[in-house]
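Structural features, examined
Okay, here's what each chain looks like letter by letter:
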2 protein chains.
Amino acid sequence: MPEPIIFYDIPGKDVTPKAWSPNTWKTRYCLNFKGLPYKTVWVEYPDIEAVMRKAGILPAATKADGSPYYTLPAIYDPNTKAGLAESAAIARYLDRTYPDTPRLIPAETDALHAAFNQAFRNAFLPDLAKLTIPAVANHLPPRSEVYFRKTREVGFGVANLDDIAPPGPKRDEAWAGVKKGLAMIAEWLQADGSDKLFFTGKDKIVYADMTVAGFLIWARVVLDKKEWEDLISWHEGRWGKFMAAFEKYEAVDEGEDAVL
Amino acid sequence: MPEPIIFYDIPGKDVTPKAWSPNTWKTRYCLNFKGLPYKTVWVEYPDIEAVMRKAGILPAATKADGSPYYTLPAIYDPNTKAGLAESAAIARYLDRTYPDTPRLIPAETDALHAAFNQAFRNAFLPDLAKLTIPAVANHLPPRSEVYFRKTREVGFGVANLDDIAPPGPKRDEAWAGVKKGLAMIAEWLQADGSDKLFFTGKDKIVYADMTVAGFLIWARVVLDKKEWEDLISWHEGRWGKFMAAFEKYEAVDEGEDAVL
């Protein structure tokens, strides 16, 4: 049995589960699906860069000004002494390093998975983010909330996150966009005339499915219950059935807070 | 041996080969790859709707005003008496109907293929079209040219197609966009750290590859030779090597002109 992998995640407050981030959820699904031992280390937003630098984990992205952008999820694997960030890179690392565990990205689908990731982001995220980003702010611990509001307000070009999609026409429009995005994903799943629940076939979950699930659980955790119930009624109840299949991979360990 | 499938394509003039359309090329690659007997029927643009109606082939798209939009490629298969349009639908039909021929879309990649198609169009087409659409107009027979210029000028919102990307900054910008789009596709192919030429692995071509090839042969047939040579020098010569692998699937039969 390998040593537990260190899994860096961002804590919420007043949410169940404590894990809420769509991108870190993808990695949690990967780890739980593979049955690999791991321990969550909770990192508040303003501390991500310092914790990553201390752990020697390189950033996976770059800010508009060219400076490094440290993001989570990230893992440190004591078995190989490798540390890396970004959910797709982590999935590929886990497949490569633990070939005896269930495969996340079947080799012949790797490039198609990369294309899927791009299409998924275009189809679904811009409108979902208008709803979930303001909701996230309300579910973060105080230091994270201040940091998150400041950076996301700049990103969206608004004075207050709550102005992005307040109840009313703006919210209705974003919500309609979320539905349209999910309709497109449902179309992909039915392209060959079958009615698959998961990307590669009837009972087999792969990374593309975990990507969709990561963003759906984000919606489930941070949005109002009523909105979530609306969502799972769409497309013949597809998304409720879809998420039910992920319940067995949703365990969140207690973990510990990052030490700076 | 099945009866020859009727394959409806759009003729060019003053181009070699006479077939130039990216979407119909995808279908020609599919037919040649599977080794299915077929006969091309050349249909000029203004005649597509009438020819499709006569053949009883339903349109695969809808115009902005909600009216049916008849497009090519389309096929009529006398073996099954099925007629259908749209390259991806045709690929799936051929896989389903001729299961003993090489598979275009491996079943477990079907939904990922659909997502790929969306990502590919976003990544690559808008800028490529700025270069190829005006070039196509110059390579169509007179009746098709008139029809094509009129409809595409409306689509692009320009008085003259030649204003879209004339030599100079506008063309340079579109060309840079084409390069960026192909760079993204190259990134998908290298996402797992390998350097695949084709989507599913080293020597196996699937429909995603034919999609890329269909659009690259479009560029090769209608653009200036110098621009094509520039393109195949990009990304360590990847696209030249890629297209070389398609040469054996590029036979164009003489066919016959559609009878109205």
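Everything below is about the structure shown above.
Residues numbered from 1 in each chain as written. Chains lettered and ligands numbered in written order. Predicted model: local features only at pLDDT ≥ 70, side-chain atom pairs only at ≥ 80, totals over all residues. Heavy atoms only, no water.

With 25 residues of chain B at the interface, the matching set in chain A holds 25 residues. Summed over both partners, the interface of chain B with chain A buries about 2100 Å², with 65% contributed by carbon and sulfur atoms. Three residues stand out in chain B for area buried against chain A, namely Glu108(B), Ala111(B) and Leu112(B), and they jointly supply 30% of the buried area on that side. For the pair chain B and chain A, the number of links is 2 salt bridges. Ionic pairing is found between Glu108(A) and Lys204(B), a salt bridge with its closest N-O pair at 3.2 Å. Counting every contact that joins chain B to chain A gives 4 residue pairs in polar contact (both at pLDDT 80 or more). At 10 residues, helix 4 (residues 110-137) of chain B tops the list of elements feeding residues into the side of chain B that touches chain A. Here the side of chain B that touches chain A is built from residues that sort into 13 nonpolar, 5 polar and 7 charged. (Contact = heavy atoms within 4.5 Å. Buried area = accessible area lost by both parts, 1.4 Å probe. Salt bridge = Lys/Arg side-chain N within 4 Å of Asp/Glu carboxyl O. Polar contact = N/O pair within 3.5 Å; in protein donor to acceptor, adjacent residues only side chain to side chain. Helix = DSSP H or I, 4+ residues; strand = E, 2+ residues; numbered from the N terminus. Nonpolar A, V, L, I, M, F, W, Y, C, P; charged D, E, K, R; others polar.)

Moving on to the pairing of strand 2 (residues 38-42) of chain B. All names here are of chain B. Of all 5 residues making up strand 2, 4 are buried, and the element is well covered by its neighbours. Note: strand 1 (residues 5-9) against strand 2, 5 bridges, orientation parallel. The residue of strand 2 that forms the bridge with Phe-7 is Thr-40. Read from strand 1 through helix 1 (residues 22-34) to strand 2, the crossover connection turns out right-handed. The pairing of strand 2 with strand 7 (residues 256-257) spans 2 bridges and is parallel. (Buried < 20%, exposed > 50% of the residue type's maximum accessible area, 1.4 Å probe, protein only. Pairing = 2+ DSSP bridges. Right-handed = clockwise from strand over helix to strand, strands pointing away.)

As a volume, the largest pocket reaches approximately 1600 Å³. Taken together, 49 residues form the lining of the largest pocket, with Asn23(B), Ala61(B), Tyr69(B), Thr71(B) and Arg121(B) sitting closest to its centre. Those elements that place two or more of their residues in the lining of the largest pocket are helix 6 (169-189) of chain A together with helix 1, helix 2 (48-55), strand 4 (68-69), helix 3 (87-97), helix 4, helix 5 (142-156) and helix 7 (207-222) of chain B. For the lining of the largest pocket, the element with the most residues is helix 4 of chain B, which contributes 9 residues. The residue inventory of the lining of the largest pocket, partitioned by class, reads 31 nonpolar, 9 polar and 9 charged. Lining the second largest pocket we find 37 residues, and of these Asn23(A), Tyr69(A), Thr71(A), Arg121(A) and Arg152(A) sit closest to its centre. A total of 7 residues in the lining of the second largest pocket trace back to one element, the largest contributor, which is helix 5 (residues 142-156) of chain A. Tallied by class, the residues present in the lining of the second largest pocket amount to 23 nonpolar, 8 polar and 6 charged. (1 Å grid on protein atoms, 1.4 Å probe; cavity = no way out; pocket = protein on both sides within 12 Å on 5 of 7 lines; lining within 4 Å. Points joined across faces, edges and corners; volume = space filled by probe spheres on them.)

This part takes up the packing of aromatic side chains. The description of an aromatic ring pair uses the distance of the two centres, along with the angle that the planes make with each other. With the rule as written, the count across this model stands at 36 aromatic pairs over all chains. Taken together, a centroid distance of 5.4 Å and an interplanar angle of 75° make the contact between Phe33(A) and Tyr249(A) edge-to-face. One end of the pair, Phe33(A), is in helix 1 (residues 22-34); the other, Tyr249(A), is in the loop between helix 9 (234-244) and strand 7 (256-257), and 216 residues separate them in sequence. Taken as a pair, Phe33(A) and Tyr249(A) share a single burial class, namely buried. Here Trp20(B) and Tyr45(B) contribute two aromatic rings whose centre-to-centre distance is 6.4 Å and whose plane-to-plane angle is 35°, an arrangement assigned as tilted. Residue Trp20(B) is located in the loop between strand 1 and helix 1, and its partner Tyr45(B) is located in the loop between strand 2 and helix 2; the two are separated by 25 residues in the primary sequence. Across this residue pair, the class does not change: Trp20(B) and Tyr45(B) are buried. One aromatic cluster is present, built from ring pairs that chain together Phe116(A), Phe120(A), Phe124(A), Trp188(A), Phe199(A), Phe215(A) and Trp218(A). For the cation-ring pair, Arg238(A) lies above Trp239(A), with the distance from its terminal atom to the ring centre recorded as 5.9 Å. (Phe/Tyr/Trp six-rings, centres within 6.5 Å; stacked < 30°, edge-to-face > 60°. Lys NZ or Arg CZ within 6 Å of the ring centre and 35° of its normal.)

So, about the sheet that holds strand 6 (residues 82-85) of chain B. Residue and element names in this part refer to chain B. One open sheet holds the 5 strands; their spatial order is 6-5-1-2-7, and the pairing between them is mixed. Taken across any chain shown, the strands that pair with only one partner, and hence form the sheet edges, are strand 6 and strand 7. In the packing of helix 3 onto the sheet, contacts are made with strand 1, strand 5 (74-77) and strand 6, and the angle to strand 6 comes to roughly 145°. (Axes fitted to C-alpha atoms, helices over the stretch in contact; angles between N-to-C directions.)

Another aspect to go through is the pairing of strand 6 of chain B. Residues and elements named next belong to chain B. For strand 5 and strand 6, the ladder comprises 4 bridges, and the chain directions are antiparallel. Paired with Tyr-76 across the bridge in strand 6 is Gly-83. Here strand 5 folds back onto strand 6 in antiparallel fashion, the turn holding 4 residues, of which Lys-81 has a positive phi close to 60°.

Once that is clear, we can look at unusual backbone geometry. Residue and element names in this part refer to chain A. In this chain, Leu-72 is followed by Pro-73 through a cis amide linkage whose omega measures 15°. As for its position among the elements, Pro-73 is in the loop between strand 4 (68-69) and strand 5 (74-77). For His-235, which is not a glycine, the phi torsion comes out positive at approximately 50°. Along the chain, His-235 turns up in helix 9.

A turn of α-helix holds 3.6 residues, and therefore any two residues three or four places apart point the same way. Residues and elements named next belong to chain A. Of all the residues in helix 2 (residues 48-55), the buried ones are Ile-48, Val-51 and Met-52. Taken around the axis of helix 2, the buried residues stretch over an arc of 95°, which confines them to a single face. Of the surrounding elements, those touching the buried residues of helix 2 are strand 1 (5-9) and strand 5. Of the residues trailing helix 2, Gly-56 is marked for its positive phi of about 70°. (Arc of directions from axis to C-beta.)

What follows concerns the relation of the copies chain B and chain A. For the match of chain B to chain A, the screw axis carries a shift of 0.0 Å, the RMSD comes to 0.0 Å, and the turn is 180°. The transformation relating the two chain copies, once decomposed into turn and shift, fits a two-fold axis. Using C-alpha coordinates, one finds that chain B approaches the rotation axis most closely at Ala119(B), a distance of 2.2 Å. Mapped onto chain A, 100% of the interface residues of chain B again fall at the interface, so both copies present the same surface. (Least-squares fit on C-alpha atoms with pLDDT ≥ 70 in both.)

It is at 7 Å that the axes of helix 6 of chain A and helix 4 of chain B come closest, and there the two elements cross at 130°. For the element pair helix 6 of chain A / helix 4 of chain B, the angle class is oblique. Along its contact with helix 6 of chain A, which presents Met184(A), Trp188(A) and Leu189(A), the element helix 4 of chain B presents Asp110(B), Ala111(B), Ala114(B), Ala115(B) and Gln118(B). Taken together, the residues of the contact of helix 6 of chain A with helix 4 of chain B sort by class into 6 nonpolar, 1 polar and 1 charged. (Parallel < 35°, antiparallel > 145°, perpendicular 65-115°, else oblique.)

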